[in-house]
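Observations on the three-dimensional arrangement
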Amino acid sequence: GENADKGTPSPTGLLGDWLERASLWLDKLFLAPADQREARKSRLDQVRELRNQGQQARAMSLLRQLAKAHPEDLEARALLGRWLMDEGSFLEAEGHLEAVASGRPAAASARLDLGRLAYLRGQPAKAFEAFAEAWRLAPESSDANTWLGILAHESGRLAEANRFLEHAIAMDGSNSVARDR
C-alpha cells in the first residue's frame, strides 16, 4: 500500500511489489506455456478487480509488472495502453498500443485504441488513418463508424459524417455518441 500522508510506497507495499515480481519471474521460469497463459489471465483478472475496488495505483503497478515480465502478452499491453491513455500518459500508451497493433494485425480494436490516442493528442490525420484501418478490418464496427463520423463532422464533411453515424446507429441502437452528433 501507499503512505496516505505522503503518497510514497510503504514497506509493506514494496515487499508486495517485490513478491509479485518474483512470482512472475518464477512462473516464467517453471510453468509450461499453457500454465503461464492461465497464470497471466488470473493476474489480469486480479488487476481488473483491484481497479474495480478503487485500488488504481496497485492495479497499475501489477499491470506494469505483468506487461514488463511478459511483453508478448498483448491483452495486458492493450489494457495498460488504454489505462495510460486515460491517465494522459500518451507517449507511454502509444508504445504499448503500437506493440498490440503490430502483434495483432487483423485486430480492429488495436486500431481503434491508436485512433483514440491520436485524437486525444490532437492528431486528426493520424486518428483518421487508424480509424479507417479499423473500419477496413471491421466495417460493421459501430465504434469505427462513430469515430469516422466524428472526424468527418469536425472537418465539415457533414454528408459523409451522417453516413458513418447512421451506419453506427443501425449496428448499435444504443450508441448514444453517434445519436448525439
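Please refer to the structure higher up on the page.
This report concerns the structure included in the present document. What you see is a predicted model; the values in this text were computed from it and never measured.

Some remarks on the nonpolar core
Counting 26 residues, the largest nonpolar core has Leu44, Val47, Leu63, Leu80 and Trp83 as the members making the most contacts within it. For this core, the elements supplying multiple residues, two or more each, are α2 (33-52), α3 (56-69), α4 (74-87), α5 (90-103) and α6 (108-120). No other element matches the eight residues that α4 contributes to this core. When near neighbours in sequence (up to four residues on either side) are disregarded, Val47 contacts Ala59, Leu62, Leu63 and Trp83. Ala118, Phe131, Ala134 and Leu148 belong to the second-largest nonpolar core, a separate cluster that totals 12 residues.

Focus: the packing of α6 against helix α8 (residues 142-154)
Interaxial distance between α6 and α8 falls to 11 Å at its minimum, and their mutual angle equals 25 degrees. What the angle tells us is that α6 and α8 run roughly parallel. The interaxial crossing formed by α6 with α8 has left-handed handedness. The segment α6 lies against α8, with Leu112, Arg116 and Tyr119 engaging Asp143, Ala144, Trp147, Ile150, Leu151 and Glu154. Class assignment for the residues of the contact of α6 with α8 results in six nonpolar, no polar and three charged.

The rules behind each value
Residues numbered from 1 in each chain as written. Predicted model: local features only at pLDDT ≥ 70, side-chain atom pairs only at ≥ 80, totals over all residues. Heavy atoms only, no water. Core = buried A, V, L, I, M, F, W, Y, C linked by side-chain atoms within 4.5 Å. Buried < 20%, exposed > 50% of the residue type's maximum accessible area, 1.4 Å probe, protein only. Helix = DSSP H or I, 4+ residues; strand = E, 2+ residues; numbered from the N terminus. Contact = heavy atoms within 4.5 Å. Axes fitted to C-alpha atoms, helices over the stretch in contact; angles between N-to-C directions. Parallel < 35°, antiparallel > 145°, perpendicular 65-115°, else oblique. Left-handed = near helix turned anticlockwise from the far one by under 90°. Nonpolar A, V, L, I, M, F, W, Y, C, P; charged D, E, K, R; others polar.

Read these as spatial facts, not as claims about activity.
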